[in-house]
Amino acid sequence: MRSKWYFLLLVILLLIVVRPLLAADATGAMTPEEMRAKCIEIDAACAAAMQNVEDLQALKAVLLGELGEGAPPASVSKPSAWADKIVISGYFQNRYEHFSPGVGAGAANEDRFGMRRLYLNLLIKTGGRASGVLTFGSDGPNIRKTDTAWHNIFCDYKVTDTDTLRFGQGPNQFGLEAWQSSGRRLPFERSAVVEGGTRGKPAGFYFLGWNDRGLWWIHTPKDRTRLPQTVVSVVNGSFLNDPLNNSRAVAVDLKWQPKWGMYGISWLNSTFTQPAAPNVVWHPRVPQGPFARNAWDGYVRYVAPNDWAVQTEFIGGRMAGNSVRGWYGQLEKVLPNAPGTAFAKYEWYDPNTNDGMSSDIYRAWILGYAHQLDKNNRITAQGTWGKIGTSTPRESGVSWQYGF
């Protein structure tokens, strides 16, 4: 194919150059002045011929490219070995927030820019049944200071196509909000009964985060519409801290995923002792312990075909020596002609149901709108109107989330 193109170009060039000479022979001998003029004409014709050759070569490249016969692409260096084995993902959230009254040292209102969360996930695959996950996170229960640490460091081993053993430091699977990533949740924060402990709220069951150290057995059936994913875990029950007691936390989580949404139940039995040594994570709203941290949970999320969804979750149990109970309900609607979702949420949490008092019950209304700029960027505006006793904590802000 290539030799045919070169032969055609050569014939065109010879015709352009030789034709003037043949015309001169037909008219007879030329004078020196005519010869000089003819040479100039031949030089111009040669220059034009060379330009025609370049134009034809460019046309050849275009035509052959369209036919799939172009020159081979430029050489690309082979990816390094680590790039074939590691998948990188994550997200971060930056905010501007207003608190009234403030949640710092005083009661004055507070306004501030903040970096709420950062998660960088590294999924390591070696081609066998085992894989590893490393998650570096900048997050924490203390809103005045962000804790930076390795949140996930665990290995997964697929025993069968449906059964996986997980060992190391990983996320719990309790309920819905505690297990759900903050990158997917619409409201800024988890409910008070789930996490709490900051922003003027009583501490919830996962007041120090949602990671722990231990062993998980995860059974994921091929048809989760009928059979639940079952997760049985035995962990320290001390979050990212080393345990200060000999009791391990045991949990069982059942999660169904029918076509209309999801639902599930969870159970947790553990003993918690608050670490008091320096340089460890602790919480000022929780007693030193040890104390029982036991919980049960039930949740339902329904997604309608006309772009709205509703979810609710009920949690009860014992924590910090008290019987506790809480719930929330959330309504979501994808707005027409706009790539965004409006949401409304109500939550209720009693951290001590035995005292017969309502002054410690936390209630809040949350209204917001999450606008999806593109698949990687989401801007959320939210307002929170809370009440606990005679205090009325209020929050408002704008969050920009970038996922990758």
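Calculation notes
Residues numbered from 1 in each chain as written. Predicted model: local features only at pLDDT ≥ 70, side-chain atom pairs only at ≥ 80, totals over all residues. Heavy atoms only, no water. Helix = DSSP H or I, 4+ residues; strand = E, 2+ residues; numbered from the N terminus. Contact = heavy atoms within 4.5 Å. Areas by Shrake-Rupley, 256 points an atom, 1.4 Å probe, with all protein chains shown as cover. Polar contact = N/O pair within 3.5 Å; in protein donor to acceptor, adjacent residues only side chain to side chain. Salt bridge = Lys/Arg side-chain N within 4 Å of Asp/Glu carboxyl O. Buried < 20%, exposed > 50% of the residue type's maximum accessible area, 1.4 Å probe, protein only. Phe/Tyr/Trp six-rings, centres within 6.5 Å; stacked < 30°, edge-to-face > 60°. Core = buried A, V, L, I, M, F, W, Y, C linked by side-chain atoms within 4.5 Å. 1 Å grid on protein atoms, 1.4 Å probe; cavity = no way out; pocket = protein on both sides within 12 Å on 5 of 7 lines; lining within 4 Å. Points joined across faces, edges and corners; volume = space filled by probe spheres on them. Pairing = 2+ DSSP bridges. Nonpolar A, V, L, I, M, F, W, Y, C, P; charged D, E, K, R; others polar. pLDDT = per-residue confidence, 0-100.

**A look at the overall build of the protein chain**
Inference 1: Scanning the protein chain for helices and strands turns up 3 helices and 17 strands.
Inference 2: For the protein chain, restricting intrachain contacts to residue pairs at least 6 apart in sequence, the fraction spanning at least 24 positions comes to 51%.
Inference 3: In the structure as shown, the protein chain presents an accessible area of about 22100 Å², 63% of it carried by carbon and sulfur atoms.

**Here's the deal with the side chain of E313**
Inference 1: Mapped onto the elements of the fold, E313 is located in strand β12 (residues 308-319).
Inference 2: Only 3.0 Å separates the side chain of E313 from the backbone nitrogen of L176, close enough to count as a polar contact.

**Focus on unusual backbone geometry**
Inference 1: A cis geometry characterises the amide bond from S100 onward to P101, with omega recorded as -10°.
Inference 2: Its identity as a non-glycine residue notwithstanding, R199 has a phi of 60°, on the positive side.
Inference 3: Residue placement: R199 occurs in the loop between β5 (163-171) and β6 (211-219).
Inference 4: Positive phi is not limited to glycine here, since A320 has a value of about 55°.
Inference 5: Positionally, A320 belongs in the loop between β12 and β13 (322-334).

**What to know about the pattern of salt bridges**
Inference 1: All chains considered together, the criterion is met by 14 salt bridges.
Inference 2: Among the salt bridges present, the one from R199 reaches E189, with a minimum N-O distance of 3.5 Å. Highlighted residues: R199 in the loop between β5 and β6 and E189 in the loop between β5 and β6, separated in sequence by 10 residues. Summarising the burial analysis for this pair, R199 and E189 share the class buried.
Inference 3: Where salt bridges share partners, they join R95, E97, R116, R117, E189, R199 and E395 into one cluster.

**As for the packing of aromatic side chains**
To describe a pair of aromatic rings, you give the distance between the ring centres and the angle between the ring planes.
Inference 1: Across all of its chains, the model carries 18 aromatic pairs by this definition.
Inference 2: Ring geometry for W260 versus Y302: centroids 6.0 Å apart, planes at 40°, classification tilted. Placement of the pair is W260 in the loop between β8 (249-256) and β9 (261-269) and Y302 in strand β11 (residues 291-303), with a sequence separation of 42 residues.
Inference 3: Of the residues examined, W260 reaches a relative accessible area of 35% and is grouped as partly exposed.
Inference 4: Taking 5.9 Å as the distance between ring centres and 65° as the angle between the ring planes, the aromatic pair formed by Y302 and W308 counts as edge-to-face.

**Section: the nonpolar core**
Inference 1: F174, F205, Y206, F207, L268, F272 and M319 are the most contacted members of the largest nonpolar core, which totals 29 residues.
Inference 2: Put simply, the parts of the chain that give this core at least two residues each are β6, β7 (229-235), β8, β11, β12 and β15 (362-372).

**Focus on empty space enclosed by the protein**
Inference 1: Under the defined criterion, the tally for this structure stands at 4 cavities of 30 Å³ or more.
Inference 2: Considering only enclosed or pocket space, the largest cavity measures out at about 150 Å³ in volume.
Inference 3: Considering the residues around the largest cavity, the lining is formed by 17 residues, among which N172, Y206, D212, V235 and L268 are closest to the centre.
Inference 4: At the level of elements, β6, β7 and β8 are the ones that each hand at least two residues to the lining of the largest cavity.

**A word on the pairing of strand β4 (residues 148-158)**
Inference 1: Note: strand β3 (residues 130-138) against β4, 9 bridges, orientation antiparallel. The residue bridging G137 from the neighbouring strand is A149, located in β4.
Inference 2: Bridge count between β4 and β5: 6 bridges; the pairing is antiparallel. Counterpart to F154 in the pairing with β5 is G168.

**Topic: the layout of surface pockets**
Inference 1: Empty space within the largest pocket amounts to approximately 1300 Å³.
Inference 2: Lining the largest pocket are 49 residues, with W179, Q180, S181, S182 and R184 positioned closest to its centre.
Inference 3: Looking at which element gives the most residues to the lining of the largest pocket, the answer is β4, with 5 residues.
Inference 4: The residue makeup of the lining of the largest pocket, split by class, is 19 nonpolar, 18 polar and 12 charged.

**Notes on the confidence of the model for the protein chain**
Inference 1: With 75% of its residues at a pLDDT of 70 or more, the protein chain has an overall mean of 83.
Inference 2: With pLDDT under 50 throughout, residues 21-28 is counted as low confidence; its partners more than four residues away or in other chains account for 2 contacts.
Inference 3: Residue range residues 141-145 is modelled with pLDDT below 50. Its contacts to residues more than four positions away, or to other chains, number 13 contacts.

**Brief notes about the pairing of β13**
Inference 1: Sheet analysis places β12 next to β13, joined by 12 bridges and oriented antiparallel. When the bridges of β13 are listed, R318 appears paired with S323.
Inference 2: Between β12 and the antiparallel strand that follows it, β13, lie 2 residues; A320 among them carries a positive phi value of about 55°.
Inference 3: Sheet topology note: the β13/strand β14 (residues 340-350) ladder contains 10 bridges and is antiparallel. Bridge assignment links K333 to a residue of β14, and that residue is A342.

**Some details on the environment of T148**
Inference 1: Relative to the helices and strands, T148 is located in strand β4.
Inference 2: A relative accessible area of 49% places T148 in the partly exposed class.
Inference 3: Taking the C-alpha atoms as reference points, T148 and Y119, 29 residues apart in sequence, are found 9.8 Å from one another.
Inference 4: In contact with T148, other than residues within four places in its own chain, are F136, G137 and S138.
Inference 5: Side-chain polar atoms of T148 contact the side chain of S138, separated by 3.5 Å.

**Looking at the environment of V310**
Inference 1: Note that V310 resides in strand β12.
Inference 2: In this structure V310 touches V300, R301, Y302, Q330 and L331, once residues within four positions along its chain are discounted.

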